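Observations on the three-dimensional arrangement
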Amino acid sequence: MTNRQRIIRLVTNVVVHVPPAWRLLRRYVARDFDGIAPTWESRVSHEGLRALLDALDALPAAPARVLDVGTGTGRAARALSERWPDAEIVGVDLAPRMIEEARKLGGRVHYDVADSEELPYDDGAFDLVTLNNMIPFFDELARVTAPGGHVAIAYSMGDQTPIYVPSSRLRAELGRRGFETREIGMAVLGRKA
């Protein structure tokens, strides 16, 4: 791992264990990802979505409203819009330049700049919430997921992913918030009871 990746891993570990620490770290993370936004799309391959897409194969039905948290340049959000052409897809990211790049790439996805610790959406607004290589804020995920809806959290390189949370932690945290979970490869899929 590079020094940048080690720092991002450290930030992830701190925030997952002490969520209020995010308030001190989010500016650093936003600035870091803004800096790499112009080259991000070339760093992310479609194969990097495999873990997420495999988990989504287990959904019982197509969702009507999908939120992709930590969307970056929108690679996952665009793939979801192709998979479910009738669904409303929203991508959200903390880094304004990432969203700027996502909008340039087009597609039928709506993009918002927002902090995933405090999402600007109504309670239960989404049937599916996805995170690919993203720090999960479990209370917010639970809040914006509709009853009976799903959360899919994937890490494209397993424990080698710089932003990574072990599946045991994901399952425990989602379980505390009323989700039934299962591990699918390098992803966790949760259904809100």
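Positions within a chain are numbered from 1, following the residues in the order the chain's sequence is written. It should be noted that, the model being predicted, local features are given only for residues of pLDDT at least 70 and side-chain atom pairs only at 80 or more, the latter also being counted only at that level, while totals for whole chains, interfaces and linings use all residues. As a rule here, side-chain values cover all heavy atoms of the structure and leave hydrogens and water aside.

**Brief notes about the pattern of salt bridges**
In what follows, salt bridge is the name for a side-chain nitrogen of Lys or Arg lying within 4 Å of a carboxyl oxygen of Asp or Glu. Within the structure shown, the criterion is met by 15 salt bridges. R4 is paired through a salt bridge with D32; the nearest N and O atoms lie 2.9 Å apart. You can see R4 sitting in helix α1 (residues 3–17) and its partner D32 sitting in helix α2 (residues 22–43), a full 28 residues away along the chain. With a shortest N-O distance of 2.9 Å, E173 and R169 are connected by a salt bridge. With E173 and R169 both in helix α7 (residues 167–176), this residue pair falls four residues apart, about one helical turn. Any residue under 20% of the maximum accessible area for its type is buried, any over 50% is exposed, and the rest in between are partly exposed; the area is computed with a 1.4 Å probe on protein chains only. Since its relative accessible area comes to 9%, E173 is described here as buried. The exposure class assigned to R169 is partly exposed, which follows from its relative accessible area of 23%. Salt bridges linked by common partners bring R23, R26, D115 and E117 together as one network. In DSSP terms, a helix is any run of H or I states spanning at least four residues, a strand is any run of E spanning at least two, and both are numbered starting from the N terminus.

**Remarks on the pairing of strand β6 (residues 179–184)**
Pairing between strands requires that DSSP locate at least two bridges from one strand to the other. Both β6 and strand β7 (residues 187–192) contribute to a ladder of six bridges, which runs antiparallel. What sits directly across from R182, in β7, is L189.

**Here's the deal with the packing of α1 against α2**
Note on geometry: axes are lines fitted to C-alpha atoms, helical ones only across the stretch in contact, with angles between N-to-C directions running from 0 to 180 degrees. Running from N to C, α1 and α2 point in directions that differ by 150 degrees, and their axes come no closer than 11 Å. Accordingly, the angle class assigned to the pair α1 and α2 is roughly antiparallel. For the element pair α1 and α2, the recorded crossing hand is left-handed. Counted together, R4, I7, I8, V11, V14 and V15 of α1 and W22, L25, Y28, V29, D32, F33 and I36 of α2 form the full contact between these two elements. Throughout this entry, Asp, Glu, Lys and Arg are counted as charged residues, while Ala, Val, Leu, Ile, Met, Phe, Trp, Tyr, Cys and Pro are counted as nonpolar. The remaining residues, Gly among them, count as polar. For the contact of α1 with α2, the per-class residue count stands at 11 nonpolar, no polar and two charged. Roughly parallel covers angles under 35 degrees, roughly antiparallel covers those over 145, roughly perpendicular covers 65 to 115, and oblique covers all other angles. By convention, the crossing between two helices is left-handed when the near helix turns anticlockwise from the far helix through less than a right angle, and right-handed when the turn is clockwise. Any two residues having at least one pair of non-hydrogen atoms within 4.5 Å are treated as being in contact.

**What about the side chain of S116?**
Note that S116 resides in the loop between β3 (110–113) and β4 (126–132). Judged by its relative accessible area of 7%, S116 falls in the buried class. Excluding its chain neighbours within four sequence positions, the residues that come into contact with S116 are V69, M134, F137 and E140.

**Things to note about the pairing of strand β1 (residues 65–69)**
Here β1 lies mainly inside the structure; four of its five residues are buried. Of the pairings in the sheet, the one linking β1 to strand β2 (residues 88–93) comprises five bridges and is parallel in character. Bridge pairing in β2 places V69 opposite V92. Two strands pair when backbone bridges link them, and β1 and β4 are joined in this way by four bridges, in the parallel orientation. What sits directly across from L67, in β4, is V129.

Function-wise, these values are silent; they only describe arrangement.
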